[in-house]
Amino acid sequence: MTTDEYYMNFAIEEAKKAGAIGEVPIGAVVVHNDEIIARAHNLREKEQNPTAHAEHIAIESAAKQLGSWRLEDCTLYVTLEPCVMCAGAIVMSRIPRVVYGAQDPKGGCAESLMNLLQESRFNHRANVISGVLAERCSTILKQFFSDLRKKKKIDQSADNTNS
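Thresholds, definitions, all that
Residues numbered from 1 in each chain as written. Predicted model: local features only at pLDDT ≥ 70, side-chain atom pairs only at ≥ 80, totals over all residues. Heavy atoms only, no water. Phe/Tyr/Trp six-rings, centres within 6.5 Å; stacked < 30°, edge-to-face > 60°. Buried < 20%, exposed > 50% of the residue type's maximum accessible area, 1.4 Å probe, protein only. Pairing = 2+ DSSP bridges. Helix = DSSP H or I, 4+ residues; strand = E, 2+ residues; numbered from the N terminus. Axes fitted to C-alpha atoms, helices over the stretch in contact; angles between N-to-C directions. Contact = heavy atoms within 4.5 Å. Expected span 1.5 Å × (residues − 1). Parallel < 35°, antiparallel > 145°, perpendicular 65-115°, else oblique. Left-handed = near helix turned anticlockwise from the far one by under 90°. Nonpolar A, V, L, I, M, F, W, Y, C, P; charged D, E, K, R; others polar.

## Describing the packing of aromatic side chains
No. 1: One pass over the structure, following the stated rule, counts four aromatic pairs.
No. 2: Judged by centre distance (5.0 Å) and plane angle (75°), the rings of Tyr6 and Tyr7 are edge-to-face.
No. 3: The partly exposed category is assigned to Tyr6, whose relative accessible area is 41%.
No. 4: Pairwise contacts between aromatic rings join Tyr6, Tyr7, Phe10 and Tyr77 into one cluster.

## Considering the sheet that holds strand β1 (residues 27-32)
Pairing between the strands of a sheet is mediated by backbone hydrogen bonds and can be parallel or antiparallel.
No. 1: Read across the sheet, five strands follow the order β2-β1-β3-β4-β5 without closing on themselves; strand pairing throughout is mixed. Two strands bound the open sheet, and with one partner strand each, they are β2 (35-41) and β5 (127-129). Here the strands of the sheet are splayed against their neighbours by 20° on average, with no regard to which way each runs.
No. 2: Pairing between β1 and β2: six bridges, direction antiparallel. By the bridge assignment, Val29 is partnered in β2 with Arg39.
No. 3: Sitting on the sheet, helix α1 (residues 3-20) is in contact with β1, β2, β3 (74-80), β4 (97-102) and β5, with an inclination near 50° to β3.
No. 4: Each of β1, β2 and β3 is contacted by helix α3 (residues 54-66), which is oriented at about 145° to β2, the strand it contacts most.

## A word on α1
No. 1: Spanning 18 residues, α1 covers 26 Å between terminal C-alpha atoms, matching the ideal 26 Å at 1.5 Å per step.
No. 2: Within α1, burial applies to Asp4, Tyr7, Met8, Asn9, Ala11, Ile12, Glu14, Ala15 and Ala18.
No. 3: Within two residues after α1, Gly22 carries a phi angle of roughly 85°, on the positive side.

## Overview of the packing of α3 against helix α4 (residues 84-93)
Describing two packed helices takes the angle between their axes plus the distance from one axis to the other.
No. 1: Between α3 and α4, the shortest axis-to-axis distance is 9 Å and the interhelical angle comes to 20°. Looking at the two axes, α3 sits roughly parallel to α4. As α3 packs across α4, the resulting crossing turns out to be left-handed. For the pair α3 and α4, the contacting residues are Glu55, His56 and Ile59 in the first and Met85, Cys86, Ala89, Ile90 and Ser93 in the second.
No. 2: Tallied by class, the residues present in the contact of α3 with α4 amount to five nonpolar, two polar and one charged.

Here is the structure:
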């Protein structure tokens, strides 16, 4: 197992926590000096906060832990390719290295739709490693949405029966 796979497993555990509470199962960890200093998972539904993405929460937590908004010696591990908001937070916090699992063809801003993390016009760029444990990360998301569709179908069927 590589170091990136080792830490991605912790992000996957965070993703599972999100799924268990009905959140889209995305998890993130921030590593500094070979130690996890922040862990987070999506909490948008629970907090009714559009910015409560795993990466965003983990970045805020890491900054508090280090007492600095500059996360220059950190690596962010996240199970899904960061969105535009999270990519912006990564650039603004100066995280030099981002490792993600599954690509996000509909919202990914580290590779899929655009690459904000390596945009030369910004004063900071991050090295991006993609596809680490991608199959596991993707499977967790696919299963969550499959289960959600099944539940919705069952609920609709029950509503029709009771009408």
